[in-house]
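A structural walkthrough
Now for the letters of each chain:
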Amino acid sequence: MSNKTKGILCIILSSFAWAAMGIFVRLAGDVPSMQKSVFRNLVAFIVAGIALLVTRTKVKLKKGDWPWLLFRAVAGTIGLLGNFYALDRMMVADANMLNKLAPFFTVIVSVFLLKEALKLPQVLCIAVAFIGTLFVIKPGMSAMPAGPAVVALLGGAGAGTAYSVVRLLQKRGIPGNFIVFFFSLFSCVVVLPWVIPHYQPMEAWQLGYLLLAGGAAAVGQFAVTAAYKFAPAREISIYDYSQIIFSTLLGFLFLGEVPDLWSFAGYGIIIAASVFMFLYNGKRVDRETGK
């Protein structure tokens, strides 16, 4: 099996895990979104900590690393809370599709953080993708309030910003396991002051679903990390959109959710823009590397 095939399988596994996480979050029932996020991050914190110990990863941080680690943690926390809030108030497939705008936000943020030039085809792809969001949100046509959709977009922006900073941190030589560990710890610490006074008692089955959500998120995190070790993002990142297929199927099987034709049209537009961006970026890298 080639490394590219391994990378594709890992990223598809990651997509299924993220989709399953969304389903588990919904199945946990009427629990505040912030409370749900604590359990999700607590599992990720423990798993990442164990990974650091098992691999005996050495972390040497320079003075200038801390502001970027904090920036990544803040952006990631905004992305996570936005996604969880949307998952509780929208169809799982719709919420995950809006969250999948993160790569477009990554391109935008990278212009400022990594000084990467933004070309006209990328600008057009971003514009088309945001047109696709209007089909998913359906302003003025849906009984669903626009608030959750806006928060979902904010979550996508936070996630996209976090991904850009992760790239910067990795260029600075900081291990991925430590980035996940620090982010998970930070998110728990930041959210706990709100969760403790507003804590809502849970049934055992609700706790079980939240632990499953945390476990699924951990699988997703480590699977996507392994995927990009086997193959570069320009060769396999497009397969991450298989999450929408998994989200739609799982949402139908476990929640009875069926996206309408407008949502499917939006999915198609956003994925088409993503495919074009994927192909364009791949050719651009090939030209720059002389391949």
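Structural data are supplied above this passage.
Notes on the structure follow. (Residues numbered from 1 in each chain as written. Predicted model: local features only at pLDDT ≥ 70, side-chain atom pairs only at ≥ 80, totals over all residues. Heavy atoms only, no water.)

The subject of this paragraph is the overall build of the protein. Each helix and strand in the protein was counted, giving 12 helices and zero strands. Reading the protein from its N terminus to its C terminus gives the helix and strand order α-α-α-α-α-α-α-α-α-α-α-α. Viewed in the frame of its principal axes, the protein has a C-alpha envelope of about 60 × 50 × 40 Å. In the protein, which comprises 291 residues, the proportion classed as buried is 48%. Considering only intrachain contacts with a sequence separation of at least 6, the fraction spanning at least 24 residues in the protein is 89%. When the accessible surface of the protein is summed, it comes to about 14,000 Å², and 71% of that surface belongs to carbon and sulfur atoms. Measuring between centres, the 25 positive side-chain charges of the protein sit 13 Å from its 12 negative side-chain charges. (Helix = DSSP H or I, 4+ residues; strand = E, 2+ residues; numbered from the N terminus. Buried < 20%, exposed > 50% of the residue type's maximum accessible area, 1.4 Å probe, protein only. Contact = heavy atoms within 4.5 Å. Areas by Shrake-Rupley, 256 points an atom, 1.4 Å probe, with all protein chains shown as cover. Lys, Arg positive; Asp, Glu negative; His and termini not counted. Charge placed at Lys NZ, Arg CZ, Asp CG, Glu CD.)

Moving on: the packing of aromatic side chains. As enumerated under the stated definition, the model contains 10 aromatic pairs in all. Seen from their ring centres, W205 and Y209 are 6.2 Å apart, and the 80° between their planes marks the pair as edge-to-face. Highlighted residues: W205 and Y209, both in helix 9 (residues 204-230), separated by four residues, approximately one helical turn. Residue class for W205 comes out partly exposed when judged on its relative accessible area of 47%. Overall, the relative accessible area of 28% leaves Y209 in the partly exposed class. By way of ring pairs, the aromatic residues F45, W66, F178, F181 and F182 are connected into one cluster. The cationic tip of R72 hangs over the ring face of F183; the distance from NZ or CZ to the ring centre is 4.4 Å. Cation over ring: R89 sits above Y85, and NZ or CZ is 3.7 Å from the ring centre. (Phe/Tyr/Trp six-rings, centres within 6.5 Å; stacked < 30°, edge-to-face > 60°. Lys NZ or Arg CZ within 6 Å of the ring centre and 35° of its normal.)

Residues L42, I46, I50 and V54 make up a contiguous nonpolar surface patch of about 370 Å² in total accessible area. Examined against the element boundaries, I50 turns out to sit in helix 2 (residues 33-55). For I50, a relative accessible area of 47% gives the class partly exposed. (Patch = residues over 30% accessible without salt bridge, like charges linked within 9 Å, V, L, I, M, F, W, Y side chains within 5 Å. Salt bridge = Lys/Arg side-chain N within 4 Å of Asp/Glu carboxyl O.)

It is worth spelling out the pattern of salt bridges at this point. Per the counting criterion, the structure on display carries four salt bridges. Here R26 and E257 are joined by a salt bridge, their closest N and O atoms 2.9 Å apart. In this pair, R26 sits in helix 1 (residues 3-27) while E257 sits in the loop between helix 11 (242-255) and helix 12 (261-289), placing the two residues 231 residues apart along the sequence. For E257, a relative accessible area of 10% puts it in the buried group. The salt bridge involving K36 is made with D88; its shortest N-O contact spans 2.6 Å. With K36 in helix 2 and D88 in helix 3 (residues 65-89), this residue pair connects regions lying 52 residues apart in the sequence. The exposure class of D88 is partly exposed, given its relative accessible area of 22%.

What follows is about unusual backbone geometry. Among all residues save glycine, negative phi is the norm, and among peptide bonds the norm is trans. We note that R56 has phi near 50°; this positive angle belongs to a residue other than glycine. Turning to its location among the elements, R56 is positioned in the loop between helix 2 and helix 3.

Tracing the backbone shows F105 in helix 5 (residues 102-113). The spatial distance from the C-alpha of F105 to the C-alpha of W194 is 28 Å, given a sequence separation of 89 residues. Contact partners of F105, with chain neighbours within four places excluded, come to F130, L153, G156, A157 and G160.

The next thing to look at is the environment of P175. Along the chain, P175 falls in the loop between helix 7 (146-171) and helix 8 (176-195). Placed 159 residues apart in sequence, P175 and F16 show a C-alpha to C-alpha distance of 25 Å. Dropping the residues within four chain positions of it, P175 is found in contact with T57, K58 and V59.

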